Structure formats: structure tokens, C-alpha cells
Amino acid sequence: MRVLFIQQGLGYGGASQSLIQMQKCLKDDVEMFTILKKNRRLNQKLRHLLIHSKEIVEMDIPGVYHYSEGKSSQEDLDYAMEYDAQELIDFILDKQIDIVHVNASVFSNLYEDIKSKTNAKIVTHIREVIPQSDDTITRFMVKEIRQFSDWIIPIAQEEMYYFSDLPQCQMVINPVDTSVFCLGKAMTEQGVIRLGMVANFNPLKGHLLFLEVASILNQMNAGAQILQFEMLGLPKPGFLHYKAWLPLKRFAYYREVMSKYKSLQLQNVRLLPFRTEVQSVIQHWHIGLRLEKSMMPWGRDVLELMSSGVAVVAVGNSEVVIQNGTSGILVDSLDAQSIAAKIQELIVDAEKRKSIATIARQWVEENASVPVYREQILSIYKKVLTT
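All figures in this text were calculated on a predicted structure; none of them were measured in a lab.

A. A look at the sheet that holds strand β11 (residues 311-315). Ordered by their spatial adjacency, six strands build an open sheet running β9-β8-β7-β10-β11-β12, and the pairing between neighbours is parallel. In the strand order of this sheet, the two ends are held by β9 (269-273) and β12 (329-331), each with one partner. Neighbour to neighbour, the strand axes of the sheet diverge by 20 degrees on average, direction disregarded. Note: strand β8 (residues 226-234) against β9, five bridges, orientation parallel. Considered in β9, the bridge of glutamate 230 is made with arginine 270. Against the sheet, helix α7 (residues 207-220) makes contact with β7 (192-198), β8, β9 and β10 (287-290), and its axis sits at roughly 175 degrees relative to β8, the strand it touches most. Together, β7, β10, β11 and β12 form the strand contacts of helix α12 (residues 350-367), whose direction differs from that of β11 by roughly 85 degrees.

B. Local environment of the sheet that holds strand β3 (residues 53-59). Read from one edge to the other, the open sheet built from six strands follows the order β3-β2-β1-β4-β5-β6, with strand pairing classed as parallel. Of all the strands in the sheet, the pair left with one neighbour each is β3 and β6 (151-154). Across the sheet, the mean angle from the axis of one strand to that of its neighbour is 20 degrees, orientation sign disregarded. Bridging between strand β5 (residues 121-126) and β6 involves four bridges; their strand directions are parallel. Note that in β6 the partner of histidine 125 across the bridge is isoleucine 153. Packing of helix α1 (residues 14-26) onto the sheet brings it into contact with β1 (2-7), β2 (31-37), β3, β4 (99-102) and β5, and relative to β1 it is tilted by some 170 degrees.

C. How the structure looks around the environment of glycine 196. Tracing the chain through its elements places glycine 196 in strand β7. Classification of glycine 196 by relative accessible area gives buried; the value is 0%. Residues glycine 196 and isoleucine 282, spaced 86 residues apart in sequence, show a C-alpha to C-alpha distance of 7.4 Å. Apart from residues no more than four positions distant in its own chain, glycine 196 is found in contact with Phe210, Glu230, Trp285, Ile287, Gly288 and Leu289.

Analysis parameters
Residues numbered from 1 in each chain as written. Predicted model: local features only at pLDDT ≥ 70, side-chain atom pairs only at ≥ 80, totals over all residues. Heavy atoms only, no water. Pairing = 2+ DSSP bridges. Helix = DSSP H or I, 4+ residues; strand = E, 2+ residues; numbered from the N terminus. Axes fitted to C-alpha atoms, helices over the stretch in contact; angles between N-to-C directions. Contact = heavy atoms within 4.5 Å. Buried < 20%, exposed > 50% of the residue type's maximum accessible area, 1.4 Å probe, protein only.

Given below as C-alpha cells:
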């Protein structure tokens, strides 16, 4: 079985990490190839992680939607539609690819060419959230994915929105290597409650809300419980010297976050730079937060926190990963006071924190571990090739 993965470019987010885990767990069953959208700085830095891919090629493939930047435009769609996919088609034919596994929903502009010019099956991973709106871009993405995909894999219920009526649609939760994320907080100081958030640095991730919540919790616990907050994922030192290649919007957001941090005088909040390995930090937390503006309470950060025995509080109401009150806490609001109130319940109740953390770890092992993921993906491939 020969599978070609098309990836939006390597980075530190869930799509890239899931691709790495996917190739790792399929290495004995599938002959793999990878095409990366050009992103030289990170591709070159991280491509060594795709050690099980027989060949890795960069192509300048445009996407029709940019979730990480929180934007979509008619110009993006027009540019993507003008793309000549012949280089991709030649690669598929030359390598005799059986399945093209598109690891994001933003490359729907490629589907018709792949279907009309090759015999390869198409498996689509719905990772980049499709805007749930009735606009030209959304309609195009949905139409192409529905029409040409032999199988569709949303990573959560919300991403099944446009596809749940199709028999070839199956939700598969992103994998996490539970052997890497161990239980225990050996270095935590006695009497200190550690709270944290892991998030890529863009305005959708809720850094400003995290700071507001920290300020409220400090007031609630003044003179009582000692709190320590950590916000992991900020730009590394030296970031400002390289602002020329960063989106202006991202740079402005950085200044906004730093301004709020200073104005709230949050001396017990540590701002930690971006890193690929998070286990050494999050294993010392008692409570982890997921405050994304999309209010989707799932993602690689949630699964890694749950694997590490951290009680998670997330905004949203979907229970696809977190079962509210059992394996985590859900808050159906972006209001800082409401979020802080739920977190405070865990701060003062150590037994509840421990119970949630234990159940969460068990849930990940049973539903999102690498062995479980391998069986799910292989089963889909076999169905696609025999249908």
C-alpha cells in the first residue's frame, strides 16, 4: 500500500504532530511519501521527524483558507484555483500512489485534478476548521471534499458539521503518545497550585483571556492559596528582531498581550517561549486551561494535558474529548469571571482534581493512544481500497 501525505507545512501544531505520529505508527504497514507546502524555515528544521517517509518533497501548493491566521478571502480562493497541479499529478503517477491522504481541509482545490488524472483514492483529514458560514469559500471547500473524497476523517464532532450524513465519514481523534507523557508532579512545591496553558501564538488562542482569568483568581485567593501560572507558547527571545517576516497582525497581538500582562501586574505569571517538547513543563501543573475563542474544547494540547495527569478546564460544550465533570471541566462561556469560578472549584478541591486527572489519563489511553489510532487509520485505508 502506497500512501502520499499532503501537509500544509511542518510546524508545532496538532496537524504536524499528528502526521508525525501517524507515520510512526503506520511504518510497518504502509509505504509512505510526503509532500509539504513550502515553508522552508520550519520544514527544514522539523522534516527529520518524518523519518518513516520514503521521500519528502516541497511544493508551492496554495491553500484556500488560513485558519492559523484567522482569515479567508476570495483572493486566496482565486489564487488557489489558478494553481497548476501537474507537478503533484506527475508525482502521484510516478510513485504509483494508492491513497492521497490530505492532512488538512484547505487543499480542496486539488481534488478534481487528482480524481480526473490519477487512480488514487482520496482520504481527507478535516483539521483546519472550515468556516461554518454560507460564503463562497465555505461552499467550495465543502462541495469539493464531499464530491471527491473516498473517506473523510474529522477530528471532532464540530468538524463533522458538513459531512455527518455521508457513510464515508468517520471521526478519529488525534493520537497522543502516552508513553511520553507521564503522570506525576515531583518538582511541585508543597502548597503551590500550578496552572498553565499551552497554545501557539495567534489571536485565536486566548492569551488575553488567560491573563484576565489569572488576575481574577489572584484576587479570589489573596492571602489564602499560593498560585503559579505559566503561559507556554510565546515568541522566543529575539522574536522582535525578526518581525519583518511575521504578519503585522501577529506582531500587534504580541504587543497587546505584553501590555495587558504589565497592566495587570501579574508577578506570579510566567511567560514561557515556544518549544517542541512540553512534557517537562506541563507535568508539574495541577490545572491546564484551553481558552480558544472558537470554544472547541479539544486539541493536541488538551490530550497532552490529560495524558500528563493534569485536570483540564476548557471553554465550550462539546464532550467528544472532555466529559464535563468527569474527565475535565467545560465552561460554555468566554467570560473570565465564569471561567475563574470553575477553576476555583478545582483549586480548593484536591480530591476532585485528582479524580478528574486519573479518569482523563485512562480515557486517552483507551481512545486516543497510538495503537488505537493505528488500527483506526489502517481500517479506513482498507475500506477505501476495497470499495
